[in-house]
Amino acid sequence: MSTEAIRNTASQAKTKLWVDILIFAAFLITMEPDLSHLPVHEWLSLSMIFGMVVHLLINWDWIVQVSQRFLSKLGGQTRINYILNWLFFIDGTLIMVSGIMISEVAMPALGLNLHIGRGWGELHELSTNVALILLGLHTALHWNWIVTTINRYLIQPVLKLFIPESKKDSLA
Amino acid sequence: MKALSRSILILLVFTLLAALMVASDAAASAVAVSVGVIDPPRVERREQPDTTQENPPEVHEKPSTLYLAGRWVRSTGKNVIVMSVLVVLIVFPKSVFKRIRKGASS
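Keep in mind it's a predicted model, so treat the numbers as computed, not measured.

## Some remarks on the overall build of chain A
A tally of helices and strands in chain A yields 9 helices and 0 strands. From first element to last, N terminus to C terminus, chain A shows the α and β order α-α-α-α-α-α-α-α-α. Sorting the 172 residues of chain A into buried and exposed places 32% on the buried side. A separation threshold of at least 6 residues defines the contact pool for chain A, and within that pool the share at least 24 residues apart is 65%.

## Regarding the overall build of chain B
Along chain B, the regular secondary structure elements total 2 helices and 0 strands. Of the roughly 9000 Å² of accessible surface on chain B, 66% is carried by carbon and sulfur atoms.

## Points about the packing of helix 5 (residues 76-101) of chain A against helix 1 (residues 2-35) of chain B
Contact geometry for helix 5 of chain A and helix 1 of chain B: axes closest at 9 Å, N-to-C directions at 65°. In this structure, the crossing between helix 5 of chain A and helix 1 of chain B has a hand that is right-handed. Counting all contacts with helix 5 of chain A, which are made through Trp 86, Phe 89, Ile 90, Thr 93, Leu 94, Met 96 and Val 97 of chain A, the residues of helix 1 of chain B involved are Ile 10, Val 13, Phe 14, Leu 17, Ala 18, Met 21 and Val 22 of chain B. For the contact of helix 5 of chain A with helix 1 of chain B, the per-class residue count stands at 13 nonpolar, 1 polar and no charged.

## Quick look at a nonpolar patch on the surface
Taken together, Trp 43, Leu 110 and Leu 112 of chain A make up a surface patch of nonpolar side chains, about 300 Å² in accessible area. Within the fold, Trp 43 of chain A resides in helix 3 (residues 38-58).

## Let's talk about the interface of chain B and chain A
Contact with chain B, which involves 37 residues of that partner, is made by 39 residues of chain A. For the pair chain B and chain A, the two sides together bury roughly 3600 Å², of which 73% comes from carbon and sulfur. The tally of links between chain B and chain A comes to 0 salt bridges. For the pair chain B and chain A, the interface holds 4 residue pairs in polar contact (both at pLDDT 80 or more). Secondary-structure elements contributing two or more residues to the side of chain B that touches chain A are helix 1 and helix 2 (65-105) of chain B. Per-element accounting of the side of chain B that touches chain A gives the leading share, 15 residues, to helix 2 of chain B. Broken down by class, the residue content of the side of chain B that touches chain A amounts to 23 nonpolar, 4 polar and 10 charged.

## Regarding the domain arrangement of chain B
Per the domain assignment, the segments making up chain B are domain 1 (1-39) and domain 2 (65-106). Computed over C-alpha atoms, the centres of domain 1 of chain B and domain 2 of chain B are 34 Å apart.

## Some thoughts on a positive patch on the surface
All names here are of chain B. On the surface, Lys 94, Lys 98, Arg 99, Arg 101 and Lys 102 cluster together into a positively charged patch. Following the sequence through the fold, Arg 101 ends up in helix 2. Judged by its relative accessible area of 54%, Arg 101 falls in the exposed class.

## What about the confidence of the model for chain B?
The predicted model of chain B averages 79 in pLDDT, with 75% of residues at 70 or higher. For this predicted complex, the interface confidence reaches an ipTM of 0.81, while the overall pTM sits at 0.81.

## Quick word on the environment of Thr 139 of chain A
Take Thr 139 of chain A: it is sitting in helix 7 (residues 120-141). Thr 139 of chain A sits 129 residues away from Ala 10 of chain A along the chain, and the two C-alpha atoms are 21 Å apart. Sequence-distant contacts of Thr 139 of chain A, that is, excluding residues within four places in its chain, are made with Ile 146 of chain A together with Val 87 of chain B.

## Some words on helix 2 of chain B
For helix 2 of chain B, built from 41 residues, the straight-helix expectation of 60 Å at 1.5 Å per residue is met to within 8% by its first-to-last C-alpha distance of 57 Å. Within the sequence span of helix 2 of chain B, burial applies to Leu 68, Ser 75, Thr 76, Asn 79, Met 83, Leu 86, Val 87 and Val 91 of chain B.

## Thoughts on the packing of aromatic side chains
Residue and element names in this part refer to chain A. Summed over the entire model, instances satisfying the criterion amount to 3 aromatic pairs over all chains. Seen from their ring centres, Trp 62 and Tyr 82 are 6.4 Å apart, and the 45° between their planes marks the pair as tilted. Of the two residues, Trp 62 is situated in helix 4 (residues 60-69) and Tyr 82 in helix 5; the sequence distance between them amounts to 20 residues. Using a relative accessible area of 30% as the deciding quantity, one classes Trp 62 as partly exposed. Exposure remark for Tyr 82: the relative accessible area of 12% places this residue in the buried category. These aromatic residues form a ring-pair network of at least three members: Trp 62, Phe 70 and Tyr 82. The positively charged end of Arg 79 is found above the aromatic ring belonging to Phe 70, 5.5 Å away from the centroid.

The rules behind these values
Residues numbered from 1 in each chain as written. Chains lettered and ligands numbered in written order. Predicted model: local features only at pLDDT ≥ 70, side-chain atom pairs only at ≥ 80, totals over all residues. Heavy atoms only, no water. Helix = DSSP H or I, 4+ residues; strand = E, 2+ residues; numbered from the N terminus. Buried < 20%, exposed > 50% of the residue type's maximum accessible area, 1.4 Å probe, protein only. Contact = heavy atoms within 4.5 Å. Areas by Shrake-Rupley, 256 points an atom, 1.4 Å probe, with all protein chains shown as cover. Axes fitted to C-alpha atoms, helices over the stretch in contact; angles between N-to-C directions. Left-handed = near helix turned anticlockwise from the far one by under 90°. Nonpolar A, V, L, I, M, F, W, Y, C, P; charged D, E, K, R; others polar. Patch = residues over 30% accessible without salt bridge, like charges linked within 9 Å, V, L, I, M, F, W, Y side chains within 5 Å. Salt bridge = Lys/Arg side-chain N within 4 Å of Asp/Glu carboxyl O. Buried area = accessible area lost by both parts, 1.4 Å probe. Polar contact = N/O pair within 3.5 Å; in protein donor to acceptor, adjacent residues only side chain to side chain. Domains from an automatic or database assignment. Lys, Arg positive; Asp, Glu negative; His and termini not counted. Charge placed at Lys NZ, Arg CZ, Asp CG, Glu CD. pLDDT = per-residue confidence, 0-100. Expected span 1.5 Å × (residues − 1). Phe/Tyr/Trp six-rings, centres within 6.5 Å; stacked < 30°, edge-to-face > 60°. Lys NZ or Arg CZ within 6 Å of the ring centre and 35° of its normal.

The following block contains the structure:
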(Lines give C-alpha, C1' and ligand atoms only; values in the text may rest on other atoms or scores of the structure.)
Protein backbone atom coordinates (compact mmCIF):
# COMPACT_ATOMS: atom_id res chain seq x y z
CA MET A 1 0.00 0.00 0.00
CA SER A 2 1.39 3.43 -0.90
CA THR A 3 2.05 6.06 1.79
CA GLU A 4 -0.89 8.13 0.58
CA ALA A 5 -3.21 5.14 0.68
CA ILE A 6 -2.07 4.35 4.23
CA ARG A 7 -2.65 7.98 5.28
CA ASN A 8 -6.14 7.95 3.71
CA THR A 9 -7.03 4.69 5.49
CA ALA A 10 -5.77 6.07 8.81
CA SER A 11 -7.65 9.33 8.32
CA GLN A 12 -10.85 7.45 7.42
CA ALA A 13 -10.53 5.25 10.49
CA LYS A 14 -10.01 8.32 12.73
CA THR A 15 -13.06 10.05 11.20
CA LYS A 16 -15.14 6.90 11.67
CA LEU A 17 -14.04 6.63 15.29
CA TRP A 18 -14.89 10.24 16.18
CA VAL A 19 -18.25 10.13 14.39
CA ASP A 20 -19.17 6.93 16.23
CA ILE A 21 -18.05 8.35 19.59
CA LEU A 22 -20.22 11.45 19.04
CA ILE A 23 -23.24 9.37 17.99
CA PHE A 24 -22.81 7.12 21.03
CA ALA A 25 -22.54 10.11 23.38
CA ALA A 26 -25.64 11.69 21.83
CA PHE A 27 -27.48 8.37 22.18
CA LEU A 28 -26.63 8.14 25.89
CA ILE A 29 -27.82 11.71 26.47
CA THR A 30 -31.08 11.24 24.56
CA MET A 31 -31.83 8.02 26.49
CA GLU A 32 -32.53 10.20 29.55
CA PRO A 33 -35.10 12.84 28.53
CA ASP A 34 -36.08 13.51 32.16
CA LEU A 35 -32.54 14.53 32.97
CA SER A 36 -31.45 16.16 29.72
CA HIS A 37 -34.83 18.00 29.51
CA LEU A 38 -37.24 17.74 26.64
CA PRO A 39 -35.89 20.47 24.30
CA VAL A 40 -32.36 18.99 24.45
CA HIS A 41 -33.77 15.48 24.03
CA GLU A 42 -35.88 16.38 20.98
CA TRP A 43 -33.42 18.57 19.11
CA LEU A 44 -30.45 16.28 19.80
CA SER A 45 -32.49 13.27 18.67
CA LEU A 46 -33.41 15.02 15.43
CA SER A 47 -29.75 15.87 14.83
CA MET A 48 -28.94 12.17 15.15
CA ILE A 49 -30.55 11.70 11.72
CA PHE A 50 -27.55 13.65 10.42
CA GLY A 51 -25.23 11.45 12.48
CA MET A 52 -26.86 8.33 11.06
CA VAL A 53 -26.44 9.61 7.48
CA VAL A 54 -22.74 10.38 8.08
CA HIS A 55 -22.18 6.95 9.67
CA LEU A 56 -23.81 5.21 6.70
CA LEU A 57 -21.85 7.34 4.20
CA ILE A 58 -18.58 6.41 5.88
CA ASN A 59 -19.48 2.71 5.67
CA TRP A 60 -21.06 2.96 2.21
CA ASP A 61 -18.58 0.66 0.45
CA TRP A 62 -19.20 -2.16 2.94
CA ILE A 63 -22.97 -1.72 2.64
CA VAL A 64 -22.87 -1.90 -1.17
CA GLN A 65 -20.46 -4.86 -1.29
CA VAL A 66 -22.39 -6.95 1.21
CA SER A 67 -25.76 -6.03 -0.35
CA GLN A 68 -24.52 -7.25 -3.74
CA ARG A 69 -23.20 -10.53 -2.30
CA PHE A 70 -25.91 -11.14 0.30
CA LEU A 71 -27.59 -13.99 -1.55
CA SER A 72 -24.35 -15.52 -2.79
CA LYS A 73 -21.09 -16.47 -1.07
CA LEU A 74 -20.83 -14.58 2.22
CA GLY A 75 -19.51 -15.32 5.70
CA GLY A 76 -22.06 -16.15 8.38
CA GLN A 77 -21.01 -13.33 10.68
CA THR A 78 -21.12 -10.78 7.86
CA ARG A 79 -24.64 -11.88 6.97
CA ILE A 80 -25.77 -11.64 10.60
CA ASN A 81 -24.10 -8.24 10.87
CA TYR A 82 -25.92 -7.02 7.75
CA ILE A 83 -29.34 -8.19 8.98
CA LEU A 84 -28.68 -6.68 12.39
CA ASN A 85 -27.74 -3.36 10.80
CA TRP A 86 -31.00 -3.33 8.85
CA LEU A 87 -32.98 -4.09 12.02
CA PHE A 88 -31.14 -1.26 13.75
CA PHE A 89 -31.97 1.12 10.89
CA ILE A 90 -35.67 0.14 10.96
CA ASP A 91 -35.80 0.47 14.73
CA GLY A 92 -34.03 3.84 14.54
CA THR A 93 -36.61 5.01 12.01
CA LEU A 94 -39.40 3.86 14.32
CA ILE A 95 -37.87 5.79 17.21
CA MET A 96 -37.69 8.93 15.07
CA VAL A 97 -41.23 8.59 13.69
CA SER A 98 -42.79 7.87 17.07
CA GLY A 99 -40.74 10.64 18.65
CA ILE A 100 -41.92 13.11 16.01
CA MET A 101 -45.54 12.03 16.58
CA ILE A 102 -45.32 12.73 20.32
CA SER A 103 -43.09 15.78 20.00
CA GLU A 104 -43.95 18.65 22.34
CA VAL A 105 -41.12 21.07 21.54
CA ALA A 106 -39.46 20.54 18.17
CA MET A 107 -42.52 19.95 15.95
CA PRO A 108 -44.58 22.81 17.41
CA ALA A 109 -41.50 25.05 16.99
CA LEU A 110 -41.47 24.07 13.30
CA GLY A 111 -45.17 24.88 13.05
CA LEU A 112 -46.34 21.27 12.90
CA ASN A 113 -49.19 20.28 15.19
CA LEU A 114 -49.51 16.55 14.76
CA HIS A 115 -52.48 14.51 15.86
CA ILE A 116 -51.33 12.10 18.52
CA GLY A 117 -52.58 8.66 17.64
CA ARG A 118 -53.01 5.98 20.20
CA GLY A 119 -49.87 4.17 21.25
CA TRP A 120 -47.07 6.27 19.68
CA GLY A 121 -45.68 7.02 23.14
CA GLU A 122 -45.55 3.35 24.09
CA LEU A 123 -44.06 2.50 20.70
CA HIS A 124 -41.37 5.13 21.27
CA GLU A 125 -40.39 3.62 24.61
CA LEU A 126 -40.45 0.04 23.30
CA SER A 127 -38.36 0.87 20.22
CA THR A 128 -35.84 2.74 22.39
CA ASN A 129 -35.37 -0.30 24.63
CA VAL A 130 -34.96 -2.50 21.55
CA ALA A 131 -32.38 0.00 20.21
CA LEU A 132 -30.34 -0.39 23.40
CA ILE A 133 -30.14 -4.14 22.82
CA LEU A 134 -29.41 -3.76 19.10
CA LEU A 135 -26.66 -1.25 19.87
CA GLY A 136 -25.14 -3.72 22.32
CA LEU A 137 -25.17 -6.44 19.65
CA HIS A 138 -23.82 -4.00 17.01
CA THR A 139 -20.99 -3.03 19.37
CA ALA A 140 -20.23 -6.68 20.13
CA LEU A 141 -19.94 -7.57 16.44
CA HIS A 142 -17.54 -4.65 15.83
CA TRP A 143 -15.64 -5.02 19.11
CA ASN A 144 -12.29 -5.88 17.54
CA TRP A 145 -12.37 -2.81 15.31
CA ILE A 146 -13.42 -0.58 18.23
CA VAL A 147 -10.63 -1.83 20.51
CA THR A 148 -7.95 -1.66 17.78
CA THR A 149 -8.93 1.82 16.62
CA ILE A 150 -9.27 3.31 20.11
CA ASN A 151 -5.90 1.84 21.03
CA ARG A 152 -4.21 3.12 17.87
CA TYR A 153 -5.74 6.60 17.65
CA LEU A 154 -6.62 7.52 21.24
CA ILE A 155 -4.59 5.56 23.77
CA GLN A 156 -1.23 5.24 21.97
CA PRO A 157 -0.97 8.98 21.10
CA VAL A 158 -1.72 9.87 24.75
CA LEU A 159 0.78 7.31 26.08
CA LYS A 160 3.45 8.62 23.70
CA LEU A 161 3.21 12.00 25.46
CA PHE A 162 4.55 10.39 28.62
CA ILE A 163 7.40 8.48 26.97
CA PRO A 164 10.79 10.26 27.40
CA GLU A 165 12.36 11.64 24.18
CA SER A 166 15.32 9.25 24.39
CA LYS A 167 13.05 6.19 24.46
CA LYS A 168 10.95 7.56 21.57
CA ASP A 169 14.08 7.62 19.38
CA SER A 170 14.93 4.03 20.24
CA LEU A 171 11.35 2.98 19.44
CA ALA A 172 11.36 4.71 16.04
CA MET B 1 -21.66 14.93 -5.64
CA LYS B 2 -21.39 11.22 -4.75
CA ALA B 3 -21.88 11.98 -1.06
CA LEU B 4 -24.94 14.14 -1.81
CA SER B 5 -26.64 11.50 -3.94
CA ARG B 6 -25.90 8.79 -1.37
CA SER B 7 -27.27 11.01 1.42
CA ILE B 8 -30.44 11.60 -0.58
CA LEU B 9 -30.78 7.86 -1.12
CA ILE B 10 -30.39 7.16 2.61
CA LEU B 11 -32.94 9.84 3.50
CA LEU B 12 -35.30 8.50 0.83
CA VAL B 13 -35.19 5.00 2.32
CA PHE B 14 -35.69 6.54 5.77
CA THR B 15 -38.70 8.55 4.57
CA LEU B 16 -40.25 5.54 2.81
CA LEU B 17 -39.91 3.44 5.94
CA ALA B 18 -41.38 6.26 8.05
CA ALA B 19 -44.30 6.67 5.68
CA LEU B 20 -44.90 2.92 5.78
CA MET B 21 -44.99 3.00 9.58
CA VAL B 22 -47.43 5.90 9.73
CA ALA B 23 -49.64 4.32 7.05
CA SER B 24 -49.58 0.96 8.87
CA ASP B 25 -50.61 2.63 12.10
CA ALA B 26 -53.45 4.48 10.39
CA ALA B 27 -54.62 1.34 8.59
CA ALA B 28 -54.45 -0.79 11.74
CA SER B 29 -56.40 1.83 13.71
CA ALA B 30 -59.03 2.10 10.97
CA VAL B 31 -59.48 -1.67 10.80
CA ALA B 32 -59.62 -1.98 14.60
CA VAL B 33 -62.23 0.79 14.82
CA SER B 34 -64.37 -0.64 12.00
CA VAL B 35 -64.30 -4.12 13.54
CA GLY B 36 -65.14 -2.63 16.92
CA VAL B 37 -62.03 -3.72 18.76
CA ILE B 38 -61.24 -0.16 19.87
CA ASP B 39 -63.09 3.12 20.11
CA PRO B 40 -62.41 5.77 17.46
CA PRO B 41 -59.19 7.59 18.31
CA ARG B 42 -59.56 10.80 20.27
CA VAL B 43 -57.69 13.66 18.71
CA GLU B 44 -55.59 14.77 21.63
CA ARG B 45 -54.48 18.32 21.30
CA ARG B 46 -51.93 19.56 23.72
CA GLU B 47 -53.51 22.02 26.13
CA GLN B 48 -52.06 25.49 26.15
CA PRO B 49 -50.99 26.61 29.62
CA ASP B 50 -53.80 28.49 31.34
CA THR B 51 -52.48 31.96 32.05
CA THR B 52 -55.69 33.22 33.63
CA GLN B 53 -55.37 31.06 36.72
CA GLU B 54 -56.01 32.77 40.01
CA ASN B 55 -53.63 30.54 41.91
CA PRO B 56 -50.22 30.44 40.26
CA PRO B 57 -48.65 26.96 40.06
CA GLU B 58 -46.41 25.97 42.90
CA VAL B 59 -42.81 26.76 42.29
CA HIS B 60 -40.74 23.69 43.05
CA GLU B 61 -37.16 24.09 44.05
CA LYS B 62 -34.88 23.18 41.15
CA PRO B 63 -32.69 20.20 41.99
CA SER B 64 -28.99 20.99 42.08
CA THR B 65 -26.77 20.37 39.06
CA LEU B 66 -24.72 17.89 41.08
CA TYR B 67 -27.84 15.87 41.96
CA LEU B 68 -28.99 15.82 38.32
CA ALA B 69 -25.49 14.84 37.17
CA GLY B 70 -25.45 11.99 39.70
CA ARG B 71 -28.84 10.75 38.51
CA TRP B 72 -27.72 10.93 34.88
CA VAL B 73 -24.53 8.99 35.65
CA ARG B 74 -26.54 6.29 37.46
CA SER B 75 -29.14 5.83 34.70
CA THR B 76 -26.56 6.06 31.89
CA GLY B 77 -24.48 3.56 33.82
CA LYS B 78 -27.43 1.15 33.75
CA ASN B 79 -27.71 1.48 29.96
CA VAL B 80 -23.97 0.99 29.53
CA ILE B 81 -24.10 -2.11 31.76
CA VAL B 82 -26.87 -3.63 29.60
CA MET B 83 -24.75 -3.09 26.47
CA SER B 84 -21.61 -4.36 28.20
CA VAL B 85 -23.36 -7.59 29.21
CA LEU B 86 -24.32 -8.19 25.56
CA VAL B 87 -20.78 -7.42 24.40
CA VAL B 88 -19.25 -9.81 26.94
CA LEU B 89 -21.79 -12.56 26.11
CA ILE B 90 -20.80 -12.42 22.45
CA VAL B 91 -17.12 -11.43 22.45
CA PHE B 92 -15.91 -13.71 25.25
CA PRO B 93 -17.17 -17.03 23.77
CA LYS B 94 -15.89 -15.95 20.35
CA SER B 95 -12.36 -15.36 21.67
CA VAL B 96 -12.41 -18.61 23.66
CA PHE B 97 -13.58 -20.50 20.55
CA LYS B 98 -10.85 -18.82 18.49
CA ARG B 99 -8.19 -19.86 21.00
CA ILE B 100 -9.46 -23.44 21.01
CA ARG B 101 -9.37 -23.54 17.19
CA LYS B 102 -5.85 -22.08 17.17
CA GLY B 103 -4.69 -24.63 19.72
CA ALA B 104 -6.27 -27.49 17.78
CA SER B 105 -4.68 -26.41 14.47
CA SER B 106 -1.15 -25.84 15.90
